[in-house]
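# Structure assessment
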Amino acid sequence: MPISLAEKFGANNYHPLPLVVSRAEGACVWDTEGRRYIDMLSAYSALNHGHRHPRILAAMRDQIDRVTLTSRAFHNDQLGPFLERLSRVSGFNRGLPMNSGAEAVETGIKAVRKWGEKVKGVAPGTGEIIVAANNFHGRTITIISFSTEQQYRDGFGPFTPGFVVVPYGDLDALAAAITPRTVGVLLEPIQGEGGVVVPPPGYLAGVRALCTAERVIFWLDEIQTGLGRTGRLWAWQHEDARPDCISVGKALGGGVYPVSAFCADDALMQVFAPGDHGSTFGGNPLAAAVGSAALDVLVEEDLAGRAERLGVYLQQLIREIGSPKVAEVRGRGLLIGVELHEDAGPARPYCERLMTRGVLCKDTHGQVIRFAPPLVISREQVDQAIVAVAKELA
Ligand SMILES: *Cc1c(COP(=O)(O)O)cnc(C)c1O
């Protein structure tokens, strides 16, 4: 019934697995029949804290009883403390709050372009941002304008100009693409939607050095990789490749409310003056209270440390299955991609059958099964999930 209603009254832009979730807690969800599943997708990293984390729910309930929305026309008592926490955790001295990840990316595009014109001195309307092939940064028209996934663009033109695509992980190609018009380089530290693609060692540090030498903004999209997912607070910390700015989203909302932000230091963020940019809901007191709780839980429960330890453990268990169907196991922390051999067929049917075995995950890029459970998952739950995975891949 819920499925047929959604199919009848909704747009057809998703192809969900055929289960109907009606309840969730921690790393588990239950369907309308009361069957339990281990969530190994975590809403693409929006559920790093797990479902319905008690401290985040308490902060939300508390805030709902006071004030939920003011717009930025007035101050609210939650936004300042949230931005201070975000600054402490991100290491950037300013944050611009938005709602969705795509909006945080759009905000970054505006910041980088304006910096290019007003600070670097690139001629108005000519700044270029270099991006990587196989990227995913969201679904707005401007963002899909630089997607290399044909389906994401098909029929949606005309597109936004000003982007140059280079192969991911190739420092020489990036160096060759930089011109006097280049204002920024936008990359994912690990390409999540692209199939959990980890760049070669030294790549991000190399991009950092190149951007400094060429006076170009180095921007990392940490929306999926950030907030503990890869075993560090930020995925750039694996290489000490501190960028000039980051986009953050997904888990910033603690799994309960959309919260995103673009974070940068003064030199970049101060290109914005009152009226240049905004969002009706961005930075609202409910979002700020939830975001603050999400950041506190992340740090105090050392979710990054959990991701590191459990990630090593889960990767090892997957390798020990020794499945002939598996071509490669890769990833960092609890962002793990299992690439199937061509002759094992596409990943989707595996995910459908894993669902019937009580494990929820999602195929990406045809041949890759992504395992990205909530960072609060227990070792026992990992063990339970792996039993199902082993049966499926045997
Ligand atoms: C999910 C994601 C986005 C887009 O976030 P939305 O909240 O869906 O708009 C952008 N960048 C990356 C790397 C993502 O994983």
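This structure is a prediction, so every number in the text was calculated from the model and none was measured. (Residues numbered from 1 in each chain as written. Predicted model: local features only at pLDDT ≥ 70, side-chain atom pairs only at ≥ 80, totals over all residues. Heavy atoms only, no water.)

### What to know about the overall build of the protein chain
What counts here: Per the convention used, a helix needs a DSSP run of H or I reaching at least four residues, while a strand needs a run of E reaching at least two, with both numbered from the N terminus. What the globule rule says is 2.2 Å times the number of residues to the power 0.38, and the radius of gyration is computed from C-alpha atoms. The buried label goes to any residue with under 20% of its type's maximum accessible area, the exposed label to any with over 50%, and the partly exposed label to all in between, with areas taken from a 1.4 Å probe on protein chains only. Two residues form a contact once any of their heavy atoms are found within 4.5 Å. Note on areas: Shrake-Rupley, 1.4 Å probe, and residue coverage restricted to the protein chains presented here. Working convention for charge: Lys and Arg count positive, Asp and Glu count negative, and His plus the chain ends are omitted. By convention, the charge on Lys lies at NZ, on Arg at CZ, on Asp at CG and on Glu at CD.
Each helix and strand counted, the protein chain has 14 helices and 15 strands in total. The C-alpha radius of gyration of the protein chain comes to 21 Å, within 12% of the 21 Å expected for a compact globule of 394 residues. Seen through its C-alpha atoms, the protein chain measures out along the principal axes to roughly 60 × 55 × 45 Å. Taken over 394 residues, the protein chain has a buried fraction of 54%. Long-range contacts, defined here as pairs at least 24 residues apart, represent 72% of the contacts in the protein chain between residues at least 6 apart. Total accessible area on the protein chain is roughly 17100 Å²; 53% of this is exposed by carbon and sulfur atoms. Here the protein chain carries 39 positive and 43 negative side-chain charges, and the mean point of each set is 2 Å from the other.

### Focus on the nonpolar core
Test applied: Throughout, nonpolar core names a set of buried Ala, Val, Leu, Ile, Met, Phe, Trp, Tyr and Cys residues whose side chains join them through atoms within 4.5 Å. Where each domain begins and ends follows an automated or database-derived domain assignment.
Grouped together as the largest cluster of nonpolar side chains are 80 residues, with contacts concentrated most on M40, L187, L252, L314, I369 and F371. Sort the elements by how many residues they give to this core and helix α11 (residues 285-300) lands first, with nine residues. In this structure, this core is formed jointly by two domains, domain 1 (2-52 + 302-393) and domain 2 (54-300), each of which donates at least three residues. Look past the residues within four positions of I369 in its chain and what remains in contact with it is I336, G337, V338, L340, A347, Y350, C351, C361, K362 and D363.

### Remarks on the domain arrangement of the protein chain
This is how it is decided: Note on definitions: buried area is the accessible-area loss of two parts on being combined, 1.4 Å probe, summed for both. Just to be clear on terms, a salt bridge is a Lys or Arg side-chain nitrogen sitting within 4 Å of an Asp or Glu carboxyl oxygen.
The assigned domain composition of the protein chain is domain 1 (2-52 + 302-393) and domain 2 (54-300). If you average the C-alpha positions of domain 1 and of domain 2, the two centres end up 26 Å apart. At the interface, 31 residues of domain 1 touch 33 residues of domain 2. Interface area for domain 1 against domain 2, summed over the two sides, is near 2500 Å², with a carbon-plus-sulfur share of 54%. Broken down residue by residue, the surface that domain 1 buries against domain 2 is led by H49, R332 and L335, which jointly contribute 28%. Here domain 1 is connected to domain 2 by two salt bridges. Here E308 makes a salt bridge to R232, at a shortest N to O gap of 3.2 Å.

### Some thoughts on the site of the ligand
We apply this condition: Proximity is defined per residue: any heavy atom of the residue falling within 4 Å of a molecule or strand makes that residue near it. As used in this structure description, the phrase polar contact means that two N or O atoms lie within 3.5 Å; if the pair is within protein, one of them must be able to donate a hydrogen and the other to accept it, and residues adjacent in sequence are counted only when both atoms belong to side chains. All residues other than Ala, Val, Leu, Ile, Met, Phe, Trp, Tyr, Cys, Pro, Asp, Glu, Lys and Arg, Gly among them, are scored as polar; the first ten of these are nonpolar and the last four charged.
Around the ligand, the neighbouring residues are S100, G101, A102, F136, H137, G138, E188, D221, I223, Q224 and K250. The backbone of G101 places a nitrogen or oxygen atom 2.8 Å from an oxygen atom of the ligand. Burial of the ligand by the surrounding chains reaches 81%, relative to a free accessible area of 380 Å². The class makeup of the residues in the shell around the ligand is three nonpolar, five polar and three charged.

### Considerations on the sheet that holds strand β7 (residues 182-187)
Note the threshold: The rule for pairing is simple: two strands pair if DSSP sees at least two bridges between them. An axis is simply a line fitted to the C-alpha atoms; with a helix, the fit covers only the stretch in contact. Between two such axes, the angle follows the N-to-C directions and lies from 0 to 180 degrees.
Strands sit in the order β4-β10-β9-β8-β7-β5-β6 across an open sheet of seven strands; the sheet is mixed. Sheet topology places β4 (94-98) and β6 (163-166) at the edges, where each strand pairs with a single neighbour. Between one strand axis and the next, the sheet turns by 20° as a mean value, whatever way the strands run. Inspection of the sheet shows β4 paired to strand β10 (residues 260-264) by five bridges, in the antiparallel sense. Bridge assignment links R94 to a residue of β10, and that residue is A264. Across the sheet, helix α5 (residues 101-120) is in contact with β4, β5 (128-132), β6, β7, β8 (217-221), β9 (245-248) and β10; its angle to β8 comes to roughly 180°. Along the sheet, helix α9 (residues 203-214) contacts β7 and β8; its crossing angle with β8, the most-contacted strand, is approximately 150°.

### Some remarks on helix α3 (residues 54-64)
What counts here: Each direction from the helix axis to a C-beta atom contributes to the arc, which is the arc of those directions.
Of all the positions in α3, only I56, L57, M60 and Q63 are classed as buried. Along the long axis of α3, the arc covered by the buried residues comes to 130°, so they all point the same way. Summarising the geometry of α3, the exposed residues directed more than 90 degrees from the buried face are P54 and R61. In this structure, the buried side of α3 is in contact with α11.

### What about the sheet that holds strand β3 (residues 36-39)?
In spatial order, the strands read β1-β2-β3-β13; together these four strands make up an open sheet with mixed pairing. Whereas interior strands pair on both sides, the edge strands pair on one side only; in this sheet they are β1 (21-25) and β13 (359-360). As paired elements, β3 and β13 share two bridges and run parallel to each other. For I38, the partnering residue across the bridge sits in β13 and is V359. Sitting on the sheet, helix α14 (residues 379-393) touches β2 (28-31), β3 and β13, and the angle it makes with β3 is about 105°.

### A short note on α14
The condition that has to hold: Take the number of residues in a helix, subtract one, and multiply by 1.5 Å to get its expected span.
Here α14 spans 20 Å end to end across 15 residues, near enough to the 21 Å set by a 1.5 Å rise per residue. Along α14, the positions that sit buried rather than exposed are Q381, V382, A385, I386, A388, V389, E392 and L393. Here the buried residues of α14 occupy an arc of 165° about the axis, which is enough to place them on one side. Among the exposed residues of α14, those oriented more than 90 degrees off its buried face are E380 and K391.

### Digging into the packing of aromatic side chains
Note the following rule: Put simply, two rings from Phe, Tyr or Trp (the six-membered ring, in Trp's case) pair if the centres are within 6.5 Å, and we call them stacked under 30 degrees between planes, edge-to-face over 60, tilted for the rest.
For the structure shown, the criterion picks out four aromatic pairs. Between F136 and Y152, the aromatic rings sit 6.0 Å apart at their centres with planes inclined by 80°, giving edge-to-face as the arrangement. With F136 in the loop between β5 and α6 (141-144) and Y152 in helix α7 (residues 150-153), this pair connects stretches of sequence that are 16 residues apart. Across the pair, Y152 and F136 agree in class, each one buried. Measuring from centroid to centroid gives 5.7 Å for Y168 and Y203, while their planes differ by 70°, and the two rings are edge-to-face.

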